[in-house]
Amino acid sequence: QIAKTYNIKSPKVFSSILYHLTEVRNRCAHHSRIWNHSFIHRFEIPKKYKKLLSSQNFRLAHTFVVMNDLLTVIEPKNQFSSNILHLIEKHSIDREEMGLDETIIKLLKDSDA
């Protein structure tokens, strides 16, 4: 039922997303590098993103896309995507290392519109 609140049809997919976000949180809390890291705990990619997100090259972009979706349910006018994209540009972080291609960047930009 909670998964449906976040527009995710499968509780298994939702659970895998939460497990992945736990890894991201723990890495951040312990000052680990995440921007160019491939994650151990990969979530099951929701059907609506199967064509956009690669299951082979699982990078931080995957996390951004899913976090943006979850946050939009909680606060539709959140600025998560624009804040992330601003920080990436401000600090000259290699977008390719994060798995951010132009399609994902456009999706994130459009979500804040």
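This text follows the structure it describes.
Anyway, here's the lowdown on the structure attached to this text. (Residues numbered from 1 in each chain as written. Predicted model: local features only at pLDDT ≥ 70, side-chain atom pairs only at ≥ 80, totals over all residues. Heavy atoms only, no water.)

### Describing the overall build of the protein chain
- Helix and strand counts for the protein chain stand at 6 helices and 0 strands.
- In the protein chain, the succession of helices and strands from N to C terminus is α-α-α-α-α-α.
- Scaling as 2.2 N^0.38, a compact globule of 113 residues should have a C-alpha radius of gyration of about 13 Å, and the protein chain matches this with 14 Å.
- On the principal axes, the C-alpha backbone points of the protein chain span a range of 40 × 30 × 30 Å.
- Taken across its 113 residues, the protein chain has 36% of its residues classed as buried.
- Within the protein chain, contacts between residues at least 6 apart in sequence are counted, and of these 47% link residues at least 24 apart.
- Surface exposure of the protein chain reaches about 7500 Å², of which carbon and sulfur atoms provide 54%.
- Of the charged side chains in the protein chain, 17 are positive and 12 negative, and the gap between their average positions amounts to 7 Å. (Helix = DSSP H or I, 4+ residues; strand = E, 2+ residues; numbered from the N terminus. Rg over C-alpha atoms; globule rule 2.2 N^0.38 Å. Buried < 20%, exposed > 50% of the residue type's maximum accessible area, 1.4 Å probe, protein only. Contact = heavy atoms within 4.5 Å. Areas by Shrake-Rupley, 256 points an atom, 1.4 Å probe, with all protein chains shown as cover. Lys, Arg positive; Asp, Glu negative; His and termini not counted. Charge placed at Lys NZ, Arg CZ, Asp CG, Glu CD.)

### Description of unusual backbone geometry
- In this structure, Asn7 is a non-glycine residue whose phi angle is positive, near 60°.
- Turning to its location among the elements, Asn7 is positioned in the loop between α1 (2-5) and α2 (11-29).
- One non-glycine residue, Ser92, lies in the positive phi region at around 50°.
- With respect to the element layout, Ser92 can be found in the loop between α4 (80-90) and α5 (95-98).

### Observations regarding the pattern of salt bridges
- Summed over the entire model, instances satisfying the criterion amount to 6 salt bridges.
- For the salt bridge of Lys12 with Glu44, the shortest nitrogen-to-oxygen distance reads 3.9 Å. Remark: Glu44 occurs in the loop between α2 and α3 (60-74) and Lys12 occurs in helix α2; sequence separation between them is 32 residues.
- The shortest N-O distance in the salt bridge between Lys48 and Asp69 comes to 3.0 Å. Here the residue Lys48 occupies a position in the loop between α2 and α3, and Asp69 occupies one in helix α3, the gap between them amounting to 21 residues.
- Residue Asp69 is classed as partly exposed on the basis of its relative accessible area, which comes to 22%. (Salt bridge = Lys/Arg side-chain N within 4 Å of Asp/Glu carboxyl O.)

### Here we look at the nonpolar core
- Ile8, Ile17, Phe64, Leu100 and Ile104 are the most contacted members of the largest nonpolar core, which has 28 residues in total.
- Counting residues per element, this core draws most heavily on α3, at 6 residues.
- Setting aside anything within four residues of it in sequence, one finds Ile104 in contact with Leu52, Leu53, Ala61, Val65 and Gly99. (Core = buried A, V, L, I, M, F, W, Y, C linked by side-chain atoms within 4.5 Å.)

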